[in-house]
Structures are given as C-alpha cells and as structure tokens.
Amino acid sequence: MATSDPAIPPTGAVNQSRERRRVLAGTMVGTTIEWYDFFVYAQAAGLVLAPLYLAPVADSSPAVAQVLSFATIGISFLFRPLGAVVAGFLGDRFGRKRVLVATLVLMGLATFLIGVLPTYAQIGVAAPVLLITLRVLQGFSAGGEWGGAALMSVEHAPVGRRGFFGAYPQIGVPCGMILATFVVWTITAIIGPDAFVEWGWRIPFLVSFLLIIVGHLIRKSVEESPVFQQMQELRAEASAPLRTLFRNNTREVVLSALIFLANNAAGYLLIAFLATYASRPVEEFGLGMERGPVLLATTLASFGWLASTLYGGWLCDRIGRVRTFQIGYAMLAAWSVPMWFLIDTGNILMYFLALFLFTLGMGLSYGPQAALYAEMFPAGVRYSGVSIGYALGAIVGGAFAPMIAELLLTSFDASWTIGAYIVVACAVSFVAVSLVKDPSGVDLHADDAHEDERV
C-alpha cells in the first residue's frame, strides 16, 4: 500500500497556492496599471494641461486655469458611480474576472487617446471637450476596477489572511503613483522641462498601451473567484443586485463611502497637488522648487504609502479592520497640519520627510479597506456594494480635493489651511469606521448570513 510523505503538500494544496499567487499578482499588476493611467492624468493636470487645453483662461489668469485643470480631475469622479453600477451589475452576474479585463482595456484606450489628443492651439474648443470626454471614460473604468480587484483577492484568501491578501490590490494604487511619477520625472530629466511641456508630456500616456497588453495577459490567466463560482452553482437565476443592495444594505454603502472620504482626499493631495505646489513659481502661490527633484522626492516618499498599506493589511488580520483604520486616521489627522511647515521651508529633504510621514497614516487607513468592504456586504451584492461605496467615497473625498486645496491656498495664502481640511475629513471617516462592528472572519460565501453582525 502506498504511503504519502507528510513533508510533501497535496497536489490540490500546491495548485491552490499557485493560483493564489497568480491572483495576487494579477490584482496588484492590473490595479497598478489602471492607476498609473489615472495618476498620469492627475500629474499632467497639475503640471501642463492648463496652458495647453485651457489656453484662453491661462493667458488671462493662470491661477483660475489651474483650478479648472484640477477640476477636470474631479469631473471623472462623477462618473465613477456609473462605472461602479455597471461593473457591479455585470460582476455580480457574469463574474469578477471578465469585468476586470474589460475595465483594464477601457482605461488603457482612453489614456492612450489622451496622449495623441490635439491641443487648444490646434483644434480650438474641441480640445478641452474631447479631453473631458476621455477623462469621463477613465472615471467610468476606474469605478469598476477597484471593486473587482478587491473581491478577486479577498474571495481567494484564507479566512485569517483576508486583510493581507486584500492589501495587494491596495498597494497597486501607490505602485501606480510611484510608476506614474517616476516616468514623468525620468522624461523631464532626459528632455528638460520645456520639452516636457511642449511634447514630452504625451509619452507617459502613450506608454500605457504597452502596459495594458502586459496587464491583460496577466489577468486573463487568473481563475474566477471561488465565491462567485459557488454563487453560480447555488442560484438558478440571478436576482437584481442593485435593487437588493439598496433595499438591504444602504447603511453599509453610506458608511463605506464616508470611511474612504479622508483617505482619498489625502491621496489626491499627494498625487496631484503637492508636486504642483512645490514646483510652480512663488508668484503663482508656489514654492519655486525645481520640478525634477520634487518629482523624485514625491516618488520616493510614495514608497512609504506602499509599505504602510501592505503593513495595514497584515495588521488588520491581527488587531481587526476597524482598529487599524482608527490608528491610521489618527496618525493622518495628527500630521496633516504640521507637515506644511516642513514643506514651506522649500528644502527638498524637508519636503520628502513631510510627504513620507504623511503616507504612513494613509497606508494604515487604506490597507484594511478591501477586506473590510468585502466582509460588510453579502456575496450576491458584494461587487455592487464595494464598488459603489468606493466610488461615492472617491467623489466626496478625492474628486475635488486638489481644487479645494487650490482655492484654500489662493483665498487664505496659508498652506496649513489645507491640512485643516484634511483633519476635518479624518474626523468624519474616523466616526464612520467606528460605527462598523468589526466583521473579520464572516462567511464570504453566505448571501445573507451574518447580516446583523456586519454593522
């Protein structure tokens, strides 16, 4: 009779482990590429788009043009809930994997087209109209991206490691930020600031085409979520997830949006505002620092976001999702005002230190998000719930954060007022997450079990 060697894991366990690694790689790489696209636009909006696409306004009032340029970032957020509704509808019926592949391709196509879009000087008012249209497509795609990536990772995870697995799509966001900023910095360093403004800004958008091919191949190799597969086996016909979601889980949707508010507002200050503020001329309410070193310092500081996000996912498996969020938001609120006094020194090392410490609270209030949101919603409406909650949180949080920061700065001529705005946002998100009864370990396969335990 054959005997098995206990030191050799069963074939099924090996295959499961291999598939989980593919899932983590697929969600992280795909999300990184998606958010690279999104953040390249945010970087460009702060650095070059105002004079190129809003030329008449920029000629008469550069400050107003910059506010409007930042507003184009926010416009796309208004369409993220629509993307979340469509992606949630399709993802809860036809699978997480198909929707993830579709959002990746749509985002990449919109980004590539921005890279070849004529400017105002070339085609007049059609230029900003087309720019906003493509930005809307980016927002629609982003609305469905995060929910699918989060669920693919969390629904494949062992029960005790959902937070850590859920942190992988989360770190795709700082990875996208690092990649976008690094590419912009590299191109600026090679061709110079003037050439970057003239034509070099298009290169990061065009690079997206190659990245999308890589991400598409990786995501196609990942198996469908086991939770979705079981749902398909158990249900003879699909229900109406959106109607069911708002009939039974409106409170969870509202709380998930408010929980994300402060983190997303802080994130878009880092992504779109701070490098612009530091590098533009003093007469335009800036610090007049050299753009190259500022972009490099922003890139390096973002590694703090990456590391603390991964640590936040690991930590929430040990002390709970809610407690980790609370620690993160307390840290973020405590540093949001003092950091401006370091930034305003105009010293590149102080700028780097201020941003690096800022990212630590951001990571701890971001790492647990995928696991918390997945556990707050029953399986049948989970894609819809997490996507819509995330999208609404992005609207009230980050959509117009750079524009609000610009208005506060130009109105009060005091950068610390921007920090006060983040403190208020942190207070709102802290209260919202404190209203959630920590759902760690609930049965993700249950369509309506533990309904009273989630909140």
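Right above here is the structure, for reference.
The structure presented is a predicted model; accordingly, all values stated were derived computationally and were not measured.

### With respect to the pattern of salt bridges
This model, assessed by the stated rule, comprises four salt bridges. Glu 406 is paired through a salt bridge with Arg 280; the nearest N and O atoms lie 3.0 Å apart. In this pair, Glu 406 is assigned in helix H21 (residues 401-412) and Arg 280 in the loop between helix H14 (250-279) and helix H15 (291-319), connecting sequence segments 126 residues apart. Where Arg 321 meets Asp 317, a salt bridge forms, and the shortest distance between an N and an O atom there is 2.9 Å. Classification of Arg 321 by relative accessible area gives buried; the value is 2%. A single network of salt bridges, built from pairs that share partners, joins Arg 162, Asp 317, Arg 321 and Glu 375.

### Concerning the side chain of Thr 417
Considering the arrangement of structural elements, one finds Thr 417 in helix H22 (residues 416-434). A relative accessible area of 12% means that Thr 417 is categorised as buried. Here Ala 414 takes part through its backbone oxygen, which lies 2.7 Å from a polar atom of the side chain of Thr 417. Excluding residues that lie within four positions of it along the chain, Thr 417 makes contacts with Leu 408 and Phe 412.

### Focus on the environment of Gly 176
On the secondary structure map, Gly 176 appears in helix H9 (residues 162-191). What makes Gly 176 buried here is its relative accessible area of 0%. Sequence-wise, Gly 176 and Ser 302 are 126 residues apart; in three dimensions their C-alpha atoms are separated by 9.8 Å. The residues touching Gly 176, leaving out its near neighbours within four places in the chain, are Thr 32, Trp 35, Tyr 36 and Phe 39.

### So, a nonpolar patch on the surface
A grouping of Leu 78, Phe 79, Leu 82, Val 86, Phe 89 and Leu 90 is seen on the molecular surface, where their side chains present a nonpolar patch of about 480 Å² in accessible area. With respect to the helices and strands, Leu 82 occurs in helix H5 (residues 80-94). By relative accessible area, Leu 82 is classed as partly exposed at 46%.

### Focus: the packing of aromatic side chains
Evaluation of the coordinates by the stated rule reveals 17 aromatic pairs. Pairing Phe 70 with Phe 273 gives two aromatic rings, centres 6.1 Å apart and planes at 45°, and the pair type is tilted. Here Phe 70, found in helix H4 (residues 62-77), pairs with Phe 273, found in helix H14; they are 203 residues apart in sequence, far enough to count as distant. For the residue pair Phe 70 and Phe 273, the accessibility class agrees, reading buried in each case. Relative to Trp 340, the ring of Tyr 277 has its centre 5.8 Å away and its plane inclined at 70°; by these criteria the two rings are edge-to-face. Note that Tyr 277 is positioned in helix H14 and Trp 340 in helix H17 (residues 338-343), a separation of 63 residues in sequence.

Reading guide: rules and limits
- Residues numbered from 1 in each chain as written.
- Predicted model: local features only at pLDDT ≥ 70, side-chain atom pairs only at ≥ 80, totals over all residues.
- Heavy atoms only, no water.
- Salt bridge = Lys/Arg side-chain N within 4 Å of Asp/Glu carboxyl O.
- Helix = DSSP H or I, 4+ residues; strand = E, 2+ residues; numbered from the N terminus.
- Buried < 20%, exposed > 50% of the residue type's maximum accessible area, 1.4 Å probe, protein only.
- Polar contact = N/O pair within 3.5 Å; in protein donor to acceptor, adjacent residues only side chain to side chain.
- Contact = heavy atoms within 4.5 Å.
- Patch = residues over 30% accessible without salt bridge, like charges linked within 9 Å, V, L, I, M, F, W, Y side chains within 5 Å.
- Areas by Shrake-Rupley, 256 points an atom, 1.4 Å probe, with all protein chains shown as cover.
- Phe/Tyr/Trp six-rings, centres within 6.5 Å; stacked < 30°, edge-to-face > 60°.

Interpretation in functional terms is not warranted from these geometric data alone.
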